[in-house]
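# Results of the structural survey
Chain by chain, the residues:
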Amino acid sequence: MPTLTYREALNEALSEEMERDDRVMLMGEEVAEYDGAYKVSKGLLKKFGPKRIIDTPISEAGFTGLAIGAAMYGLRPVVEFMTWSFSLVAYDQIINNAAQIRYMSGGQFSIPIVFRGSSGGGLQVGATHSHTPENWYANVPGLTVITPSFPDDAKGLLKAAIRSNNPVCFLENEKLYGYKDEVPEGDVLVEIGKAKVRREGSDITIVSNSGSTHRALNAAKQLEAEGISCEVIDLRTIKPLDFATIAESVAKTNRVLIVEENKPFAGWGAQVAYQVQRELFDDLDAPVHRVTSIDVPQPYNGRLEQAVLPNEERVIAAVKEVLA
Amino acid sequence: MPAADPAVKNGKTNASSRLPNLQPQEKINLFRQMLLIRRFEEKAKQAFTQTKIKGFCHLYNGQEAVAVGTISVLNEDDAVITAYRDHGHALVRGTDPNACMAELFGKITGCSRGKGGSMHFFDAKRHFYGGHGIVGGQIPLGTGLAFAQKYLGTNRVTLAYMGDGAINQGGVHEAMNLAALWKLPVVYIIENNEYSMGTSIARSSAGDPLTKRAGAFDMAAIQANGMDIDDVRAKTFEAVSLARTESQPTLMEIRTYRYFGHSMSDPGNYRSKDEIEQRRQSDPIELYKTRLLEQKVVTEEALNAIDEEVSAQAQAAYDFADQSPEPELETIYEDIFAPEDQIPEFRPDLREQK
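This brings us to the overall build of chain B. For chain B, the count of helices and strands is 12 helices and 8 strands. A compact globule built from 354 residues would reach a C-alpha radius of gyration of about 20 Å, and chain B, at 20 Å, matches this within 12%. Expressed along its principal axes, the backbone C-alpha trace of chain B runs to roughly 60 × 50 × 40 Å. Per-residue burial for chain B yields a buried fraction of 56% across its 354 residues. For chain B, the exposed surface amounts to about 14,500 Å²; the carbon and sulfur share of it is 50%.

Taken together, the side chains of L88, Y91 and W136 of chain A define a hydrophobic patch exposed on the protein surface, amounting to about 240 Å² of accessible area. Counting through the fold element by element, W136 of chain A comes out in helix α6 (residues 134–138).

All names here are of chain A. A complete count under the given rule lists 14 aromatic pairs over all chains for this structure. Note on F81 and F115: the rings are 6.1 Å apart at their centroids and 15° apart in plane angle, and the pair reads as stacked. Here F81 is found in strand β4 (residues 76–83), whereas its partner F115 is found in strand β5 (residues 114–119), with 34 residues between them in sequence. Note on F81: relative accessible area 1%, which makes it buried. Judged by relative accessible area, F115 falls into the buried class, the value being 0%.

Next up on the list: the nonpolar core. Residues M27 and F115 of chain A together with F147 and Y188 of chain B are the most contacted members of the largest nonpolar core, which totals 83 residues. In terms of domain composition, this core takes at least three residues from each of domain 1 (3–182) and domain 2 (196–323) of chain A. Among residues more than four places away in sequence, those in contact with Y188 of chain B are I139, T143, A160, M162, A175, M176, A179, M219, P249, T250, L251 and M252 of chain B. Core analysis: the second largest hydrophobic core is formed by 62 residues, F128, I189, A243 and Y288 of chain B among them.

One turn of the α-helix equals 3.6 residues, which is why residues spaced by three or four share an orientation. All names here are of chain B. In terms of residue burial, helix α4 (residues 97–104) counts as a mostly covered element, since 8 of its 8 residues are buried. All buried positions along α4 are accounted for by P97, N98, A99, C100, M101, A102, E103 and L104. Elements in contact with the buried residues of α4: α1 (24–49), α3 (87–93) and α11 (300–323). Among the residues of α4, the N-terminal cap falls to D96, whose side-chain oxygen and the backbone nitrogen of N98 are separated by 2.9 Å. Backbone geometry just after α4 places G106 at a positive phi near 75°.

For the rest of this paragraph, the subject is the domain arrangement of chain A. All names here are of chain A. Domain parsing of chain A yields domain 1 (3–182) and domain 2 (196–323). One C-alpha centre belongs to domain 1, the other to domain 2, and the line joining them spans 26 Å. Summing both sides of the interface, domain 1 and domain 2 together bury roughly 2,200 Å²; the carbon and sulfur share of this comes to 45%. Area buried by domain 1 at its contact with domain 2 is led by Q124, N135 and F150, which between them contribute 24% of it. On inspection of domain 1 and its partner domain 2, the count reaches 4 salt bridges. Notably, a salt bridge pairs D153 with R236, separated by 2.9 Å at the nearest N-O pair. Connecting domain 1 to domain 2 are 23 residue pairs in polar contact (both at pLDDT 80 or more).

The next subject is the sheet that holds β4 of chain A. Residues and elements named next belong to chain A. An order of β3-β2-β4-β5-β7-β6-β12 is seen for the 7 strands of this open sheet, with the pairing classed as mixed. Edge strands, defined here as strands with exactly one partner in the open sheet, are β3 (53–55) and β12 (237–239). The sheet shows a mean angle of 20° between the axes of neighbouring strands, direction not considered. Sheet analysis places strand β2 (residues 24–28) next to β3, joined by 3 bridges and oriented parallel.

The next thing to look at is the interface of chain B and chain A. Contacts between chain B and chain A engage 52 residues on the former and 63 residues on the latter. Of the roughly 4,600 Å² buried where chain B meets chain A, counting both sides, 62% is carbon and sulfur surface. The interface formed by chain B and chain A holds 0 salt bridges in total. Taken together, the links from chain B to chain A amount to 23 residue pairs in polar contact (both at pLDDT 80 or more). Mapped onto the side of chain B that touches chain A, the elements with two or more residues apiece are β2 (128–131), α5 (138–151), α6 (170–181) and α12 (348–351) of chain B. The greatest single-element share of the side of chain B that touches chain A, amounting to 9 residues, is contributed by α5 of chain B.

The next subject is the confidence of the model for chain B. Confidence in the prediction for chain B averages 93 pLDDT; 93% of positions are at 70 or higher. Low confidence marks residues 1–15 of chain B, where pLDDT is under 50. Its contacts with residues over four positions away, or in another chain, come to 26 contacts.

A few words now on the pattern of salt bridges. Residue and element names in this part refer to chain A. Counting across every chain of the model gives 44 salt bridges over all chains. E172 serves as the salt-bridge partner of R116, at 2.5 Å between the closest nitrogen and oxygen. Of this pair, R116 sits in strand β5 while E172 sits in strand β7 (residues 168–173); the two residues are 56 residues apart in sequence, bridging distant segments of the chain. Of the two residues, R116 and E172, neither departs from the other in class, the shared state being buried. The structure contains a network of salt bridges with shared partners spanning E12, E16, E17, R20, K155, K159, R163 and D187.

Attention now moves to the state of the cysteines. Residue and element names in this part refer to chain B. Here the structure, examined in full by the defined rule, presents 0 disulfides over all chains. The thiol of C111 is not disulfide-bonded; the next cysteine sulfur, from C100, is found 4.8 Å away. By relative accessible area, C111 is classed as buried at 10%.

Further remarks concern the environment of M104 of chain A. Within the element layout of this structure, M104 of chain A appears in helix α5 (residues 101–104). With a relative accessible area of 14%, M104 of chain A lands in the buried category. With residues near it in sequence (within four places) discarded, M104 of chain A still touches N96 of chain A together with S112, K115, G116, H120 and F122 of chain B.

The rules we used
Residues numbered from 1 in each chain as written. Chains lettered and ligands numbered in written order. Predicted model: local features only at pLDDT ≥ 70, side-chain atom pairs only at ≥ 80, totals over all residues. Heavy atoms only, no water. Helix = DSSP H or I, 4+ residues; strand = E, 2+ residues; numbered from the N terminus. Rg over C-alpha atoms; globule rule 2.2 N^0.38 Å. Buried < 20%, exposed > 50% of the residue type's maximum accessible area, 1.4 Å probe, protein only. Areas by Shrake-Rupley, 256 points an atom, 1.4 Å probe, with all protein chains shown as cover. Patch = residues over 30% accessible without salt bridge, like charges linked within 9 Å, V, L, I, M, F, W, Y side chains within 5 Å. Salt bridge = Lys/Arg side-chain N within 4 Å of Asp/Glu carboxyl O. Phe/Tyr/Trp six-rings, centres within 6.5 Å; stacked < 30°, edge-to-face > 60°. Core = buried A, V, L, I, M, F, W, Y, C linked by side-chain atoms within 4.5 Å. Domains from an automatic or database assignment. Contact = heavy atoms within 4.5 Å. Polar contact = N/O pair within 3.5 Å; in protein donor to acceptor, adjacent residues only side chain to side chain. Buried area = accessible area lost by both parts, 1.4 Å probe. Pairing = 2+ DSSP bridges. Axes fitted to C-alpha atoms, helices over the stretch in contact; angles between N-to-C directions. pLDDT = per-residue confidence, 0-100. Disulfide = S-S within 2.5 Å.

Rendered as C-alpha cells:
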C-alpha cells in the first residue's frame, strides 16, 4: 500500500473526483496559481485548467454563496476556505442557504457541495486563525460534518463527500497535512457516518476526532506501559454521529473519556456525554469525563497555547481519574 | 421619472437586437398578470387580518410592473431569484396561485409544502430559485446560478432581484465584483421602493442613483421607471441581451413604490398618508390600462372582465388554501437531505439526533 501525506491524500481525492465528474470544480483563495495555501490543490490547475480550478478574490461570503447557487443549478462545487476560521465571514451563506434551502423549498432543490479547509490550533497564529468549529456546524440541521484524522480517511471521506448530494463541511487539521500513512490505492470510499476503532483496548473508551485522535493514541501508548489498556475511537464523522460504535465499545470497557479540541461549552463531546448517560447508564462504572480546549480565546504564545489545547498530559491524567 | 442616461452604462456596448413589438394579446396578458398579483395580494392581506396567514407577509402592491415587466422578456428556462417580497415573481413565473396561497396558509399543498412561508416560495420546475429571507443573501446565489449557466454552456441568463436596502450588504458587492470579474450572465435588479423597512433611502444609502454602485466594477448600469411596464421591459431587454449575447452583468435600478407596509406587521409611521396617496396617482396598472385603451388594443369592458377573472382566481386560491389539509407531523422529518445515489445512504437512525 502506498504511503501518502494527509495533504497528498486530499489532493488525490480531488483529482480523482474531478476526473470522474465534469461538474466537480474547486474554488477558493489561492487554490489555482498558488497551488493552495497549504498545497492541497497542488498541480490541479495544470491538470484541469482555470475553468475548474478557480482562484477567488478574498470574498468568502460572495464566493461561498455563488458556489451554493451553482450547486442549486446542478454543479458539484468544492469550496476551499484557507482556514475554517475564515468561514465565519460566510456563515450566513452556509447556514441559511446551503443547509436550509432544501427544507425550505419542500425538497425541490439539493445542494451537492463540499466546504473544506484547514482548522484547529497549535500553530501559534492567534485567536482569529485557530478555530475548531466542527461543533458550530454540527449544530445546524442539514449539514454533514466530517473531520478526518488519517490520510486514508482524508482521501476516502473527501471522495464520499464530493459524491454526496448534500452539503458537507469537511474540516481538515492544519497540523496533520504533513502526516504520512498508508492509503489504499484506487477508487476507495470511506463511509460517511461511520466511526473507526483506531486502537483496541479493554479498560476505557476514548472518543476523539481529528488532531485529538492522535493525542489520544499517543496517550494510550504511554498508558500501556503502565498496564492501562485504552480503546481509541476516531469518530471521523461528527454528524451524523455513529453512536453504535461508541455503545459497542462502552459495553466492553464501562468507562468513557472524550477528547476534543472544541471549547468545553457545547462542544461535540457534550452531546456524546449526554447520549452515553442517557442510553448507556447501566454500562457505566464511572462518570463520563472530557478533555477539551480551555474556555479562553486562543493565545499566541506557544507555551500558553499548548496549555489551552487538550494535550497528552491532560489526557493521561483524565484516564487515571476515570479509572481511580 | 427621467429616462435613463446612457452615460451611466459605463461604456458597455448596447446589445443590438431590439425588443419585439407586442401583439395585442400579449399586452393584455401583461395587464392580466399585474392585476392577478394585485388581486392575489389583496386576498392575502385579507387572510392575514383573519389570522389565516401567520408570520411575516410582505405584499407587492404597487410594484407589479417590475416583476411582470422584467420576467416578460425572459425565456421560460432562464432563472429568477429574489428576496422575501416574492409572491409576484412566483406568480409571473407561472407558479399556480393556489399553491402560492396555500404556502401562505402553511398548507401541504403550498409551493414549498408549507415549510417556507411567505418569504420562501420556490418552484424548481419554473426555474424560480426562491424566495430568500436574509437581505441580500440571494444575490451571491443568483450569481452562482449564472456561473453554472455559463459553466454548462446553457446560453441562459439569471435575473437576481433585491430591494434598495440590500444594496448596502457586503455580500451583494462581493457578488457583483465576481460577476464583473468572471463575466457572468446575470442581471441584478434593485427594486427601489424607497424604503428599507422603515428607513428611507435618504437615511440608508449614500450615492444617488444606486446604479452608481456598478461603476466600481466597470459593470453596465441602467435605470427604469418601475411604474411604466413598457419602460421596464425595454430596459430589462437591453440588460438581458447583454447577458445573453456577451455574458456581461448589468445592475438595474427600477424605481417603484410599495403601497402597504414593509410587512403586514408594519404600522407605517415613517411616511405620510399624503405621500402614499400621491404615489398611487402613478399606479402601474392604471397607467397601462389607460395606455391600452388609448391604443385601442382592448375595450374597457374586456379589461373589466379580466378583473373579474383574476379576482375569481384569487378567491379560488383563497378557498383552495383554506380547504387544503395541514401537513402531517411526519413531514417534519422530510426534505432535509437529498437521497444519495453515488454513496451509501446515511443510516436513518444516525440522522435523527436525540
